[in-house]
There are 2 protein chains.
Amino acid sequence: MARYTAFSLMASRRKRPSESSQLAKIERAFGRTVNRPKNLPLGIGDDAALFHPTTGCETVLTCDWFLEGTHFLRDKHPPDAVGWKSLARAASDVAAMGGTPRCFLLSLAIPQAVTGAWLDRFLGGLSRASRQFACVLAGGDTTRREEILINITVIGEVSKGRALRRDGARHGDTIYVSGRLGEAERGLQLLGELHRTANRSDARLRKHLYPEPRLALGAWLAENGLATAAMDLSDGLSTDLRRLCAASGVGARIDAEKLPVVLLPPPPSSRSRSKRRGHKIQDEALQLALHGGDDYELLFAVPKGKELQIPPVFQGTQLLSIGEITASKKIVLIGQESRPIPLNPGGWDPFRANKKG
Amino acid sequence: MARYTAFSLMASRRKRPSESSQLAKIERAFGRTVNRPKNLPLGIGDDAALFHPTTGCETVLTCDWFLEGTHFLRDKHPPDAVGWKSLARAASDVAAMGGTPRCFLLSLAIPQAVTGAWLDRFLGGLSRASRQFACVLAGGDTTRREEILINITVIGEVSKGRALRRDGARHGDTIYVSGRLGEAERGLQLLGELHRTANRSDARLRKHLYPEPRLALGAWLAENGLATAAMDLSDGLSTDLRRLCAASGVGARIDAEKLPVVLLPPPPSSRSRSKRRGHKIQDEALQLALHGGDDYELLFAVPKGKELQIPPVFQGTQLLSIGEITASKKIVLIGQESRPIPLNPGGWDPFRANKKG
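Below is a summary of the structure that appears in this document. Each chain has its residues counted from 1, running along the sequence as written. Think of it this way: whatever chain is written first is A, whatever ligand is written first is 1, and the rest follow in order. Only residues with pLDDT of at least 70 are given local features in this predicted model, and only at 80 or more are side-chain atom pairs given and counted; all residues enter the totals for whole chains, interfaces and linings. As a rule here, side-chain values come from all non-hydrogen atoms in the structure, and water together with hydrogens is ignored.

### A word on the sheet that holds strand β2 (residues 57-67) of chain B
Then step 1. Strands sit in the order β1(A)-β2(B)-β5(B)-β3(B)-β4(B) across an open sheet of five strands; the sheet is mixed. Taken across any chain shown, the strands that pair with only one partner, and hence form the sheet edges, are β1 (49-51) of chain A together with β4 (136-144) of chain B. Within this sheet the neighbouring strands show an average axis-to-axis angle of 20 degrees, counted without direction.
Then step 2. In the sheet, strand β3 (residues 100-110) of chain B pairs with strand β5 (residues 149-159) of chain B via nine bridges, with the strands oriented antiparallel. Opposite S107 of chain B, over in β5 of chain B, you have N151 of chain B as the bridge partner.
Then step 3. Packing against the sheet, helix α2 (residues 79-96) of chain B makes contact with β2, β3 and β5 of chain B, and its axis sits at approximately 140 degrees to β2 of chain B.
Then step 4. Residue contacts follow a heavy-atom distance rule, with two residues in contact if any of their heavy atoms lie within 4.5 Å. Angular values range over 0 to 180 degrees, each being the angle between N-to-C directions of two axes fitted as lines to C-alpha atoms, with helices fitted over their stretch in contact. Only DSSP runs of H or I covering at least 4 residues are called helices, and only runs of E covering at least 2 are called strands; the numbering of each starts at the N terminus. The strands touched by helix α3 (residues 117-132) of chain B are β3, β4 and β5 of chain B; relative to β3 of chain B, the strand with the most contacts, the crossing angle is about 170 degrees. In short, DSSP must find at least two bridges between two strands for them to pair.

Quick look at the structure:
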């Protein structure tokens, strides 16, 4: 397809849906389902949106890329999962701060080829996420592009001084994670084996396609002052834990045995050499938990004396202590033999683009 | 260059600057020049930024694409102009609301090839704009991509109930524009003739490369309640005026003679057939003023009785009345013969991608 640029004065005049009709489609998708709340006196259709901040709150601001070819594939990811996940990822940053999402801006660049059914389904997934997270579409920017480019800004709020930052972890704090680690990466692996668009209802792909930002958990930790530091796990535990420790000027000791790993099914031919295969599966699950990205679980540090206030399950999500913050700046993993080994970052970094440390 | 994706487990392990080093470069570019203000307790480096809203203010939210190949060309636009303009465009939306920019989020996707000098110069232009507009970098997202993709979110503030919207224009209001119209489009034409990177100090390209959002003017109009409606001219007068009129449910009559057109130089061989050429130049200047995009001037409607409060020049920028809001929903242009002709939109619409109506 030809590229249309601001420079193409001689571009084709073939009739195409105009930008206004894209906007109308977006407005319809959201207008049908979400009434504009009182704190959004002006949404789509003006130069900018207006938002009424809540008295006593700070505004939480975050933005996230979601790009075809980098973060999703047009031929494998269902369009509604692209819509859902693009907002879920950004909302997860608000969860990691202990905030509550209020509204979002959608920047969307799409080719003509996807302005029909693909766009409808994308907006379907996005508006479902918008309702689920109580995060209203406030505005955005649309343009045409050969590849699908998405950027989402989420605006959230948190009570003044209550935000969960990365830099408050202290020696002796207990390290917790929510949910199960490595499930999204495992889903990505399975998706990689497909030669068609993934089945939306495949439970093994659920965490990869439809991640659930831990909004209620983050807000509860923040409002009750239970965590000294927190972040969401987007690039893998080994990479993200290092960031939290660097920000706090501390180290960490992680207990491999305590990690909430994925339960991998044994391979079909598992009857032979079952013990060795069993070890291999265990090791694979551990690698996924340590280095797998995209889980959007919360990683948080709880100070001594407050661990008892952390329940084993919060609103259906398991909370597990997996280790301890240490004074030395090393980050180590303790395995079966109790001999600590350095835990090197092996998660996702677009500028490194290798997955093992 | 190979594309690195979340799916490339087998991607090259050749050493590359990591995402963290890109962030460090960005932090350095801004840290050197801008101290974090009190209303930004937390900026780059956490899951999200925190912003303290000002009591009595509404938050203005806007985002803008700035994409290689669509909005700029790597081989023609100086990198510092790309940095300047990416922020200026988004800040202009805040000006159009009568707001004051506070901070911005930068989403940047770049190829390895531009992580050196290009990125330095880009950040130079961006941080110069950031200082000029008093709009501090609060956070963002970076990733790798073959083409340079930029998305900017600007967060601004405006006193409650004072925002300049598009939907308040009424029959009898006088229509004003700031500055000169068509200058940016003329610069784009000249740039199109170049076979190299534009000269940063070429005055003819200044408006195209380094547009100045009318922040002081917008804030002054809003605080003094002088405009019933306003917007910025990003897609050309003929397209944008139609949007303002549609939002307000009114029409407009524009006087061609009053438009602040660009003064075009006569062509070198102008001695022959000078009168006909003179007409041609006049017509070209008029077309540029009506349909040229990217000027980022303000278009605003002033109610009867308040015109006397609009000075001919505001802080060095000319303000001109160019027509009147009408009750009929037609948008017409009155030329030399005083016979009104319909003014059809001919500005920039990425989904139409033709330039004349």
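### Focus on the pairing of strand β8 (residues 251-255) of chain A
Residues and elements named next belong to chain A.
Then step 1. Alignment of β8 against strand β11 (residues 317-326), held across four bridges, turns out to be antiparallel. Across the sheet, residue R253 finds its bridge partner in β11, namely E324.
Then step 2. In this sheet, strand β12 (residues 331-334) lies alongside β8 in parallel orientation, the contact comprising four bridges. Within β12, the position partnered with D255 by the bridge is I334.

### Notes on helix α6 (residues 215-223) of chain A
Residues and elements named next belong to chain A.
Then step 1. Of the positions making up α6, those classed as buried are L215, L217, G218, A219, L221 and A222.
Then step 2. Of the surrounding secondary structure, the elements contacted by the buried residues of α6 are α2 (79-96), β3 (100-110), β6 (174-178), β9 (297-302), β10 (313-314) and β11.
Then step 3. G225 occupies a position one or two residues after α6 and carries a positive phi of about 55 degrees. Relative accessible area decides the class of each residue, using a 1.4 Å probe on protein chains only: under 20% of the type maximum gives buried, over 50% gives exposed, and in between gives partly exposed.

### Focus on the nonpolar core
Then step 1. We call a set of buried Ala, Val, Leu, Ile, Met, Phe, Trp, Tyr and Cys residues a nonpolar core when their side-chain atoms join them within 4.5 Å. Among the nonpolar cores identified, the biggest contains 48 residues, and F104, L106, F122 and I150 of chain B are the most heavily contacted of them.
Then step 2. Contributions of two or more residues to this core are made by α1 (19-31), β2, α2, β3, α3, β5 and α4 (183-193) of chain B.
Then step 3. Excluding its chain neighbours within four sequence positions, the residues that come into contact with L106 of chain B are I26, F122, L126, L137, G139, G140, D141, I150, N151 and I152 of chain B.
Then step 4. By size, the runner-up hydrophobic cluster in this structure holds 47 residues, among which are A90, A91, F122 and V158 of chain A.

### A closer look at the side chain of D46 of chain A
Then step 1. Within the fold, D46 of chain A resides in the loop between α1 (19-31) and β1.
Then step 2. With relative accessibility at 13%, the residue D46 of chain A sits in the buried group.
Then step 3. Whenever two N or O atoms come within 3.5 Å, that pair is a polar contact, provided that in protein one can donate a hydrogen and the other can accept it, and provided that, for residues adjacent in sequence, both atoms are side-chain atoms. Of the polar contacts made by the side chain of D46 of chain A, one reaches the backbone nitrogen of R166 of chain B; its length is 2.8 Å.

### Details of the environment of R196 of chain B
Residue and element names in this part refer to chain B.
Then step 1. Residue position: R196 is located in the loop between α4 and α5 (206-209).
Then step 2. Residue R196 is classed as partly exposed on the basis of its relative accessible area of 47%.
Then step 3. Considered as a pair, R196 and Y210 are 14 residues apart in the sequence and their alpha carbons are 18 Å apart.
Then step 4. Excluding its chain neighbours within four sequence positions, the residues that come into contact with R196 are D75 and K76.

### Let's talk about unusual backbone geometry
Then step 1. Despite not being glycine, Q315 of chain A shows a phi value in the positive range, around 45 degrees.
Then step 2. Secondary-structure assignment places Q315 of chain A in the loop between β10 and β11.
Then step 3. If you check the backbone angles, A134 of chain B has positive phi at about 50 degrees while not being a glycine.
Then step 4. Tracing the backbone shows A134 of chain B in the loop between α3 and β4.
Then step 5. A residue is classified by how much of its surface remains accessible, and A134 of chain B, at 51% relative accessible area, is exposed.

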